[in-house]
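So the chains spell out like this:
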Amino acid sequence: MARRRADPPARRPNVGARLSARAETASPTQPPAPAVSSAAIDLEGLERRYGERPALAGVTLALEAGRTLGVFGSNGAGKTTLLRVLATLLRPHGGRARVLEAELPDEAWKVRGRVGYLGHEPLLYRELSARENLRFYARLHGVALARVEELLVAVGMERRAADPVRDLSRGMVQRVAAARSVLHDPPLLLLDEPRAGLDPAAADLLEPLIGRASNRTRVLVTHDLEGGLAESDVALGLRGGRQILSGRANLDALRELYR
């Protein structure tokens, strides 16, 4: 009696291939990723308030790396507040702020070690000498102490480096403060009247460190309209925290900010 041949085993369905094909046909089109600005500073509708009073209201600008933004306006216009927001010393209350590719305030920690801030206050300990102050900041930033001596020479303070800051003139303190602001070689400088109290010779000494010759991105706040305009690639005019002008400007337009 002939033996019946067994039927071949049934093929198991390729579940993985079927699921993959289903996923390919069912997957929605992915939305494009939002564009990321390459600007060193990118602000959109920036707001900052003190209580109910707006200090910055809707400031929008973009500054490319290596360029200088001149910020102009009368007292109380919001210039120093803008610097303090960019330095992560104040939190924005609205809008968008992006500095050195970091979103503020969430990524402020990425910015703080890469910014040099030279404001109205020198941020120096009066009881310490110029050298001791700079060595203190060098340790904070992990900078070699040889950099301290290099900068003391650069700002012409090597002979007074051992004197307490309290015994130095206003111009000498400003020179030490300028050295502090560039000690860690920051790519971004935030400067609020950086040449205040300096004689012409001292101002010339600081030019390679904080001037255009430094080749850093700079935000410069100044009441020197003519000099500030000559230093700036882009101008920002503020009045009562509001952006009155932005981009290229002339002296007449800047003078209108103070009327």
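Details of the structure are given in the entry above.
A quick note: this is a predicted structure, and the numbers were derived from the prediction, not measured.

Scoring rules and cut-offs
Sequence order as written defines residue numbering, which begins from 1 separately in each chain. Given that the model is predicted, a residue must reach a pLDDT of at least 70 before its local features are reported, and side-chain atom pairs must reach 80 or more before they are shown or counted; all residues, however, enter totals for whole chains, interfaces and linings. Heavy atoms throughout the structure, all of them, feed into the side-chain values; hydrogens and water do not. For the exposure calls, accessible area comes from a 1.4 Å probe over protein chains only, and a residue counts as buried if that area is under 20% of its type's maximum, exposed if over 50%, partly exposed in between. What counts as a helix is a DSSP run of H or I of at least four residues, what counts as a strand is a run of E of at least two, and both are numbered from the N terminus. Picture the helix axis, draw a direction to every C-beta atom, and the arc is the one those directions span. Every residue pair with non-hydrogen atoms within 4.5 Å of one another is taken to be in contact. Note on definitions: angles span 0 to 180 degrees between N-to-C directions of axes, and those axes are lines fitted to C-alpha atoms, for helices only across the stretch in contact. Small angles under 35 degrees read as roughly parallel and large ones over 145 as roughly antiparallel, with 65 to 115 read as roughly perpendicular and the rest as oblique. Two helices crossing with the near one rotated counterclockwise from the far one by less than a right angle form a left-handed crossing, whereas a clockwise rotation gives a right-handed crossing. Residues were grouped as follows: Ala, Val, Leu, Ile, Met, Phe, Trp, Tyr, Cys and Pro as nonpolar; Asp, Glu, Lys and Arg as charged; and all remaining residues, including Gly, as polar. The term nonpolar core refers to a set of buried residues drawn from Ala, Val, Leu, Ile, Met, Phe, Trp, Tyr and Cys, joined through side-chain atoms within 4.5 Å. Pairing between strands requires that DSSP locate at least two bridges from one strand to the other.

Novice: Just give me the short version of helix α5 (residues 146-154), but keep the residues and values in it.
Specialist: Among the residues of α5, Arg 147, Val 148, Leu 151 and Leu 152 are the ones counted as buried. Relative to the axis of α5, the buried residues are bounded by an arc of 135° and lie together on one face. Turned more than 90 degrees from where α5 packs its buried face, Ala 146 and Val 153 sit exposed. Summarising the contacts, the buried residues of α5 are in contact with α4 (130-141), α6 (170-182) and α7 (200-210). Of the residues flanking the end of α5, it is Gly 156, one or two places downstream, whose phi is positive at about 70°.

Novice: A description of the packing of α4 against α5 should follow, citing residues and the corresponding values.
Specialist: Relative to each other, α4 and α5 sit at 135°, their axes nearing to 9 Å. Taken together, the axis directions place α4 and α5 in an arrangement best described as oblique. Viewed along their axes, α4 and α5 form a crossing whose handedness is right-handed. Residues Ala 130, Arg 131, Leu 134, Arg 135 and Ala 138 of α4 lie in contact with α5, whose contacting residues are Val 148, Glu 149 and Leu 152. The residue inventory of the contact of α4 with α5, partitioned by class, reads five nonpolar, no polar and three charged.

Novice: Run through the nonpolar core, naming residues and quoting values.
Specialist: For soluble globular proteins, nonpolar side chains are generally found buried alongside one another. With 33 residues, the main nonpolar core has Leu 43, Leu 190 and Val 219 as its most contacted residues. Not counting chain neighbours up to four residues away, the residues in contact with Val 219 comprise Ile 41, Leu 63, Leu 69, Val 71, Leu 83, Leu 86, Leu 189, Leu 190 and Leu 191. Ranked by size, the runner-up nonpolar core spans 30 residues in total, among them Leu 118, Val 165, Leu 209 and Ile 210.

Novice: Break down the pairing of strand β1 (residues 41-50) for me, with residues and values.
Specialist: Sheet topology places β1 next to strand β2 (residues 53-63); eight bridges connect them, and they run antiparallel. Of the residues in β2, the one forming a bridge with Glu 47 is Ala 57. Across five bridges, β1 lies against strand β4 (residues 94-99) in antiparallel orientation. Bridge pairing in β4 links Glu 47 to Gly 94.

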